[in-house]
Protein chains: 2
Amino acid sequence: MAPHPFKTLDVNETNVARDIILSCHPDVVVDFREIFLQEPKKELMKQYLELEYASRPGQSPNSKRPPRLAKCQYDVIGKDRIPEYHESVVDLEAKKRVKHEVIGKEHHASLTLWEFQHLIEACKKSEMFQKAMAELKLPDGFELVVEPWPYGGLDLGSENNRYFQGLCFAQDMRNGNADSNFYAYPLPLIPVMDAHKKEVVRIDRLATGGKGDSLTGQTHSERIIDHCQSGEYVPEMLETRKDMKPINITQPDGPSFKVSDESLVEWQKWRFRVSFNPREGAVLHDVSYDGRSVLYRLSFSEMTVPYADPRPPFHRKQAFDFGDGGAGNCANNLALGCDCLGVIKYFDGVVIDSEGKPKVHPNVICLHEQDNGIGWKHTNWRTGRAVVTRYRELVIQFIITLANYEYVFAYKLDLAGGITTEVRATGIVSVVNIDPGKTSEYGNVVSGGVLAQNHQHIFCLRIDPAIDGHKNTVLHEESHTAPWDQTTNPNGNFYQVRKTPITRSSGHDAAPEHNRIFKITNPSKINPISGNPIAYKFAPPPTQKLLASPGSIQAQRALFAKHHVWVTKYRDDELFAAGRFTLQSQVEKGGVSDMVARNESTENEDVVVWNSFGLTHNPRVEDWPVMPCDIFQVNLRPSDFFTKNPAIDVPSTKNEASVLVGKECCAEKL
Amino acid sequence: MAPHPFKTLDVNETNVARDIILSCHPDVVVDFREIFLQEPKKELMKQYLELEYASRPGQSPNSKRPPRLAKCQYDVIGKDRIPEYHESVVDLEAKKRVKHEVIGKEHHASLTLWEFQHLIEACKKSEMFQKAMAELKLPDGFELVVEPWPYGGLDLGSENNRYFQGLCFAQDMRNGNADSNFYAYPLPLIPVMDAHKKEVVRIDRLATGGKGDSLTGQTHSERIIDHCQSGEYVPEMLETRKDMKPINITQPDGPSFKVSDESLVEWQKWRFRVSFNPREGAVLHDVSYDGRSVLYRLSFSEMTVPYADPRPPFHRKQAFDFGDGGAGNCANNLALGCDCLGVIKYFDGVVIDSEGKPKVHPNVICLHEQDNGIGWKHTNWRTGRAVVTRYRELVIQFIITLANYEYVFAYKLDLAGGITTEVRATGIVSVVNIDPGKTSEYGNVVSGGVLAQNHQHIFCLRIDPAIDGHKNTVLHEESHTAPWDQTTNPNGNFYQVRKTPITRSSGHDAAPEHNRIFKITNPSKINPISGNPIAYKFAPPPTQKLLASPGSIQAQRALFAKHHVWVTKYRDDELFAAGRFTLQSQVEKGGVSDMVARNESTENEDVVVWNSFGLTHNPRVEDWPVMPCDIFQVNLRPSDFFTKNPAIDVPSTKNEASVLVGKECCAEKL
């Protein structure tokens, strides 16, 4: 049976795609980067979905099935040994290529994990680097660790070569533990590799001064980490707490969700498909509640983490963790009972190697339901009759590791038609060496000799709505104090609610002082109770926008961070807030800023809503050695979409497994 | 053994207090309102706590124990039958009164539930009201329900009598179910009772028009609810979902917390006392982590719900749910397995009747620990070694019902030293009748003929910090783009962090565009790693402030809502953001606005921090008939208080009860 058009490309299909590409490029070396599903054009998909919904459940219609396509990204290396970056689309059923682009030199292909390995190898072979390392006196038992990073925004006027940079640390191997935390021992140099030559071409020397020291002065001693101390996090190197009793979450009758075809999920009137790709990680498709469509697609579209330390080369510490190398590529293989508690369903992804050979990336997405406290309650005080139901959520989650940092991404659907997207930031803050006894304006000292630099994390959620249909209008709604007026407001308590439709593609900001809420409406469908157009709404988290100066490379690369909310007119394949190519970019191209500049009509159209939000992170000592999760949420809620609380029919049955405490922990009440 | 000074007053003690008061007022009628613990003066308590901490665990020192006092609030009714409101403090050990105030007529005593009952009785006896009711033609089987409310802000120039108003509804009793939702059938009149005469003195007629209708015109037909429809929420009157499988939360080894003396709670390095009083509900005292003090006291200090419908008398729909009648008095008796899942410890409260006789108000506070997803994680991508721990919280929760609305209040302590206060708003929106076919600028039609009026909920959290000591300084910290400068910021990526100490009592606002964070510091204790003063921080939720016009009675009564953050100098008994007396106030007196006007030094002093936050609630149809919880949180987090992540030693043990899904819900992966 042919796979559902939204289903993740599997191992067999990936092999077919690879073979097609190889057959298109005989007699040259092809270095693959990515092969993944090329999602169907929406116009085709809409027809298919209509049929799917009209079919009997379980049936997957065959007619109107869009062609099954794969996107292939690869370098072609000709006789001159200079890689040329190509993107192709192949038709897996017809077994031929249907689109082919040679990407010009102004853009860089996303990085691969094996390119990172090249940097590590290049450092080992580089006399320049060995010489620089020899200037530092490391204690016995400490070994070098090189952590590859993207190069960041190329300085204006630089040659547009492909570079990688390596952050360097010393690892305490005296205990023989390969998980000893080497971030506790940062070294003040960054080797820079030319990726095509696979050679270290420069060593950037890092300043290690504090307040009052210049931006570039070299002030450190050669005994560079003597003033540092260990900062372990693996339990075998710590005294862990012994008094935590287990909390078990069980579902003796099984979970309430159903998964079919490794992609279709049904739970409590929700129905959607989930897929995985190496750039976005987990994506939700065709999300509907009780047979009514809500979203066509939901995904994390990009994120950037600019560092604010002005000392060169730290302005080039600015990764785009989706565009640079793919969040899906960095997805953790989740562990039962550790990452996920309860009754768990895992989904796998597929990734490839440089030969294009696929392998399963297991357990990268987890699915489970969970209790989140009280859902709704009312007590009639006259009778004492209380009715209370629980706030239950279905969680679709994936976790990515980018060198030092971790991000936990979750989509949570609730019983009352709400969709919450959540990000948790955790992992290890990025650190550099600081001279003993000094403090800095550029960050916080979190361990001896370790400065955690100030930075921001800015995420962008992409919401492709289909509020009971594909033609929607976004509006924003504010509440304002009304003027005193004997006829209309004699007691000064009235406030006005103002609605402003967004008629052209544009950027907008949060305005919590006006309670500005964005509503994605279907102007053609009116709620029969209220008379308002049906909608879903959200209040964009009013987080601080990018602090880098306008015109700086950091700011120019991340124009998506200039506004909290962007409304664009849908175009196939326009999935990335900062554009297709972020690696080493100097300016954001083809991102939301360029999209809205097209000034298209967004009124009663197929629109896309993008929400940028984040965190200005000035680290605290408690963030070391691993930071407790910082949690961010975007809450999409129905707004006159339903004719009553959709969770009013949730049963209020008592949970029989709950018990009162026993005497072992609490003396009996008198 | 004498009770701990923070412990809730028990039944016996309440009786002793009552007897003392009666002995102080022979030969008159004493109508009691409240009897509860009068907390000790902080200067005395500090000495006691020092001894307590120095004692062996489990010992409760006897020396330096402050006197055990009770606050008594009551009316004295002399021969003229006009109640005079008194507040006294009695010493329960010495068995005598130690303070006595006769409260003047400019203030009203908080209401009691039996005063509400007087209104219901007065309506039954009132010819004026019966006559007004007779003008309405209710269908057979529908019976009147009168819902007593506080009168709201007395109009300027009105006689300062004590009034209550009654919102009227018709209840469908055709099914004989006393929990049929009468809010679905609102009636357009409000009887007003003089509380001392216990007589209905006026009937306010409500407008039922829509857009274009005047503020006072009477447009409704006598068949006033024919156009309304039922809106039931009790499960026996609904078809409930049948496919929700249970989620069980169990702790086979018991919970990790320990409760002693019905007041002392210890959990994962946290140690604190919890008490209950009829005004504030649950209060936390003497909160410390790993032996270091964090907070002296934490409580919800007030809230107000102003309605924005300009048509008289709706400007007087503005309750202060803590000050008007006491949130504790309205606390729900929580049900195991319904309100609280898992292994639960309940605490009781004590309330009195008009004769001052106490009774236990059981299970008003619940305590349990719960899992909240991932706490921290890091994977060393080289070795693949992942270490992940869970985000566990201890929850102290109470729920209050105010007529139609419910609020769930929770204090949550986490493993990483964080304190989260959470409010969930649920229950039934306040509604009035609207003519058939009409819509309104003043709210949303959520059911046939039912208009849910626009309103706000504004809460105020009171944080009495003791950050490793009682002398603290509050500062706010912002992050700002730095100017381009060749020497200090050559690449435009630098941003400056600015700290501003708050040296005098004052009000401040959220400023998320500057990432404004408030830090409560101990300037005398420096973090040895970072060199910064130790602190706890929070970002005040930047919610919309009060929308009623400045100068309106609604705004004047709730000056605490003018700023998000207030910093005041500690004074004993200064617990209430809107002052001691809110019922029928015309202007806030003795609240935070008056406190800061004293312009006291707050630098390195015993300070109190107040955080006002809330929700502008323009109801949606999904809020009917009972609204899904809207959730608000204030996150207090350590900021260089610790020398590393205090949760780094949480074990990362796998939870053995977690399982993979079975085939009954999900086909096996291929």
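The name given to chain A in an unreviewed UniProt entry is Amine oxidase, and the organism recorded there is Amniculicola lignicola CBS 123094. UniProt, in the comment section headed Sequence similarities (unreviewed entry), describes chain A in these words: "Belongs to the copper/topaquinone oxidase family." Of chain A, the UniProt comment under Subunit (unreviewed entry) reads exactly: "Homodimer."

Sorry, what's going on with the pattern of salt bridges here?
Proximity of charged atoms lets side chains of opposite charge pair with each other. Scanning the model with the defined rule gives 108 salt bridges over all chains in all. Between A:Asp213 and A:Lys438 there is a salt bridge, with the nearest N and O atoms lying 2.7 Å from each other. You can see A:Asp213 sitting in the loop between β8 (199-205) and β9 (248-250) and its partner A:Lys438 sitting in the loop between β21 (431-433) and β22 (443-447), a full 225 residues away along the chain. A:Lys438 sits in the partly exposed class, given a relative accessible area of 26%. Measuring nitrogen to oxygen at the nearest pair gives 2.8 Å for the salt bridge that ties B:Arg202 to B:Asp204. Given the relative accessible area of 30%, B:Arg202 is considered partly exposed. The network of salt bridges with common partners includes A:Lys7, A:Glu52, A:Asp261, A:Arg271, A:Arg273 and A:Asp286.

Got a minute to help me understand the sheet that holds strand β6 (residues 163-172) of chain A in this structure?
Residue and element names in this part refer to chain A. Here four strands make up an open sheet; going across it, the order is β5-β6-β7-β8 and the pairing antiparallel. The open sheet terminates on both sides in strands that have one partner only, identified here as β5 (142-150) and β8. Taken over all neighbouring pairs, the strand axes of this sheet differ in orientation by 30° on average, direction set aside. Across nine bridges, the pairing between β5 and β6 is antiparallel. When the bridges of β6 are listed, Glu143 appears paired with Gln171. Of the strands in this sheet, β5, β6, β7 (189-194) and β8 are in contact with helix α3 (residues 113-125), which crosses β5 at around 140°. Running at roughly 30° to β8, helix α4 (residues 127-134) makes contact with β5, β6, β7 and β8 of the sheet.

Sorry, what's going on with the relation of the copies chain B and chain A here?
In screw terms, the move from chain B to chain A is a rotation of 180° and a rise of 0.0 Å along the axis, fitting with an RMSD of 0.0 Å. What the superposition gives is, in effect, a two-fold axis relating one chain to the other. Within chain B, B:Ile249 has its C-alpha nearest the rotation axis, a separation of 2.4 Å. Interface overlap between copies is the fraction of interface residues in one copy that are interface residues in the other; for chain B against chain A it reaches 100%, indicating a shared surface.

For this particular structure, what's the right way to read unusual backbone geometry?
One can expect most non-glycine residues to show negative phi and most peptide bonds to be in trans. The residue after A:Pro312, namely A:Pro313, is reached through a cis peptide bond having omega 0°. Inspection of the secondary structure puts A:Pro313 in the loop between β14 (292-306) and β15 (318-319). Of note, the amide linkage connecting A:Trp624 to A:Pro625 takes the cis form, showing an omega dihedral of 0°. Mapped onto the fold, A:Pro625 is located in the loop between β31 (607-617) and β32 (627-639). One non-glycine residue, A:Asn599, lies in positive phi territory at about 50°. Tracing the backbone through its elements, the reader meets A:Asn599 in the loop between α6 (592-597) and β31. A relative accessible area of 42% means that A:Asn599 is categorised as partly exposed. With a phi angle near 55°, B:Lys95 is a residue other than glycine that sits in the positive phi range. Given the relative accessible area of 54%, B:Lys95 is considered exposed.

It is not clear to me how the domain arrangement of chain A should be interpreted in this structure. Could you clarify?
As a measure of interface size, the accessible area lost when the parts come together is often cited. Residue and element names in this part refer to chain A. On domain assignment, one finds that chain A holds domain 1 (11-102), domain 2 (113-237) and domain 3 (258-307 + 318-429 + 454-639). When the two sides are added together, the surface that domain 2 and domain 3 hide from each other amounts to roughly 1700 Å², 67% of it contributed by carbon and sulfur. Broken down residue by residue, the surface that domain 2 buries against domain 3 is led by Trp114, Trp149 and Tyr183, which jointly contribute 32%. Counting the contacts that link domain 2 with domain 3 gives zero salt bridges. Taken together, the connections running from domain 2 to domain 3 amount to five residue pairs in polar contact (both at pLDDT 80 or more). Elements with a contribution of two residues or more to the side of domain 2 that touches domain 3: α3, β5 and β6. Considering each element in turn, the side of domain 2 that touches domain 3 owes the most residues, three residues, to β5. Each residue belonging to the side of domain 2 that touches domain 3 can be placed in one class, and the counts come to 12 nonpolar, six polar and four charged.

Please explain the interface of chain B and chain A as it appears in this structure.
With 184 residues of chain B at the interface, the matching set in chain A holds 184 residues. Summed over both sides, the interface of chain B with chain A buries roughly 15000 Å², with 54% coming from carbon and sulfur. For the interface between chain B and chain A, the tally reads 10 salt bridges. Where A:Asp649 meets B:Arg241, a salt bridge forms, and the shortest distance between an N and an O atom there is 2.9 Å.

Hey, could you run me through the nonpolar core in this one?
A general tendency of soluble globular proteins is for nonpolar side chains to be buried together. A:Tyr407, A:Phe409, B:Tyr407 and B:Phe409 are the most contacted members of the largest nonpolar core, which has 260 residues in total. What B:Tyr407 contacts, discounting residues up to four positions off in sequence, is B:Met303, B:Val305, B:Asp321, B:Phe398, B:Ile399, B:Ile400, B:Leu402, B:Val423, B:Arg424, B:Ala425, B:His457 and B:Phe459.

Sorry, what's going on with helix α1 (residues 11-24) of chain A here?
Helical geometry note: an α-helix holds 3.6 residues per turn, so side chains three or four residues apart project in the same direction. Residue and element names in this part refer to chain A. Compared with the 20 Å implied by 1.5 Å per residue over 14 residues, the 20 Å span of α1 between its first and last C-alpha is a close match. Residues of α1 that are buried make contact with β1 (29-38), β2 (69-77), β3 (83-91), β4 (96-102), β16 (343-352) and β17 (358-380). Regarding α1, its N-cap is Asp10, as a side-chain oxygen of that residue lies 3.0 Å from the backbone nitrogen of Asn12 further along.

Sorry if this is basic, but what is going on with the confidence of the model for chain A here?
A residue-level look at chain A finds 99% of positions with pLDDT of 70 or above and a mean pLDDT of 96. Both scores are available for the predicted complex, with the pTM at 0.98 and the ipTM at 0.97.

Teacher, can you tell me more about the packing of aromatic side chains here?
Each aromatic ring pair is summarised here by two numbers: the centre-to-centre distance and the angle between the ring planes. Counted by the stated rule, this structure contains 53 aromatic pairs over all chains. With a centroid separation of 4.9 Å and an interplanar angle of 40°, the aromatic rings of A:Tyr151 and A:Tyr163 are classed as tilted. Highlighted residues: A:Tyr151 in the loop between β5 and β6 and A:Tyr163 in strand β6, separated in sequence by 12 residues. A:Tyr151 sits in the buried class, given a relative accessible area of 5%. On the numbers, 4.9 Å between centres and 70° between planes, the contact of B:Phe169 with B:Tyr183 is edge-to-face. Of this pair, B:Phe169 sits in strand β6 (residues 163-172) while B:Tyr183 sits in the loop between β6 and β7 (189-194); the two residues are 14 residues apart in sequence, bridging distant segments of the chain.

Explanation requested: the UniProt feature "active site" (unreviewed entry) in chain A in the structure shown.
All names here are of chain A. UniProt's feature table lists "active site" (unreviewed entry) at Asp321 and Tyr405, given in the numbering used throughout. Across 85 residues in sequence, these annotated residues keep their C-alpha atoms within 10.4 Å of one another, forming a single compact spot. For Tyr405, a relative accessible area of 3% puts it in the buried group. Setting aside residues up to four positions removed in sequence, Tyr405 forms contacts with Tyr307, Ile400, Thr426, Gly427, Ile428, Val429, His455, His457, His617 and Met627. At 2.9 Å, the side chain of Tyr405 forms a polar contact with the side chain of His455.

In this structure, what is going on with the sheet that holds β6(B)? I would like to understand it.
The strands that make up a sheet pair up through hydrogen bonds in the backbone, lying either parallel or antiparallel. All names here are of chain B. The strand order across the open sheet formed by four strands is β5-β6-β7-β8, and the pairing between neighbours is antiparallel. Two strands in the sheet have a free side with no partner beyond their single neighbour: β5 (142-150) and β8 (199-205). Each adjacent strand pair in this sheet contributes to an overall mean axis angle of 30°, direction not counted. Running at roughly 140° to β5, helix α3 (residues 113-125) makes contact with β5, β6, β7 and β8 of the sheet. Against the sheet, helix α4 (residues 127-134) makes contact with β5, β6, β7 and β8, and its axis sits at roughly 30° relative to β8, the strand it touches most.

How do you make sense of the pairing of strand β2 (residues 69-77) of chain B when you look at a structure like this?
The two faces of the sheet receive side chains in turn, since in a regular strand these alternate between them. Residue and element names in this part refer to chain B. Burial analysis of β2 places nine of its nine residues in the buried class, the great majority of the element. The side-chain alternation of β2 yields two buried faces, one formed by Leu69, Lys71, Gln73, Asp75 and Ile77 and the other by Ala70, Cys72, Tyr74 and Val76. Pairing analysis gives nine bridges linking strand β1 (residues 29-38) to β2, with the strands arranged antiparallel. By the bridge assignment for β2, Glu34 is matched with Gln73. In this sheet, strand β3 (residues 83-91) lies alongside β2 in antiparallel orientation, the contact comprising nine bridges. Counterpart to Cys72 in the pairing with β3 is Ser88.

Is there a simple way to explain the pairing of β14(A) in this structure?
Residues and elements named next belong to chain A. Summarising burial for β14: 13 of the 15 residues are buried, a large majority. As defined by bridge partners, strand β13 (residues 281-289) adjoins β14 across five bridges and the pair is classed as antiparallel. The residue of β14 that forms the bridge with His285 is Arg297. Counting the residues that bridge the hairpin from β13 to β14 gives two residues, and of these Asp290 lies at a positive phi of roughly 50°. As judged from the eight bridges shared by β14 and strand β24 (residues 455-465), these two strands associate in the antiparallel manner. Bridge pairing in β24 places Ser299 opposite Arg462. When β14 meets β15, the two strands line up antiparallel, connected through two bridges. Paired with Pro306 across the two strands is Gln318, which belongs to β15.

Parameters and conventions
Residues numbered from 1 in each chain as written. Chains lettered and ligands numbered in written order. Predicted model: local features only at pLDDT ≥ 70, side-chain atom pairs only at ≥ 80, totals over all residues. Heavy atoms only, no water. UniProt positions renumbered as here; feature names shortened; annotations may be inferred. Salt bridge = Lys/Arg side-chain N within 4 Å of Asp/Glu carboxyl O. Helix = DSSP H or I, 4+ residues; strand = E, 2+ residues; numbered from the N terminus. Buried < 20%, exposed > 50% of the residue type's maximum accessible area, 1.4 Å probe, protein only. Pairing = 2+ DSSP bridges. Axes fitted to C-alpha atoms, helices over the stretch in contact; angles between N-to-C directions. Contact = heavy atoms within 4.5 Å. Least-squares fit on C-alpha atoms with pLDDT ≥ 70 in both. Domains from an automatic or database assignment. Buried area = accessible area lost by both parts, 1.4 Å probe. Polar contact = N/O pair within 3.5 Å; in protein donor to acceptor, adjacent residues only side chain to side chain. Nonpolar A, V, L, I, M, F, W, Y, C, P; charged D, E, K, R; others polar. Core = buried A, V, L, I, M, F, W, Y, C linked by side-chain atoms within 4.5 Å. Expected span 1.5 Å × (residues − 1). pLDDT = per-residue confidence, 0-100. Phe/Tyr/Trp six-rings, centres within 6.5 Å; stacked < 30°, edge-to-face > 60°.

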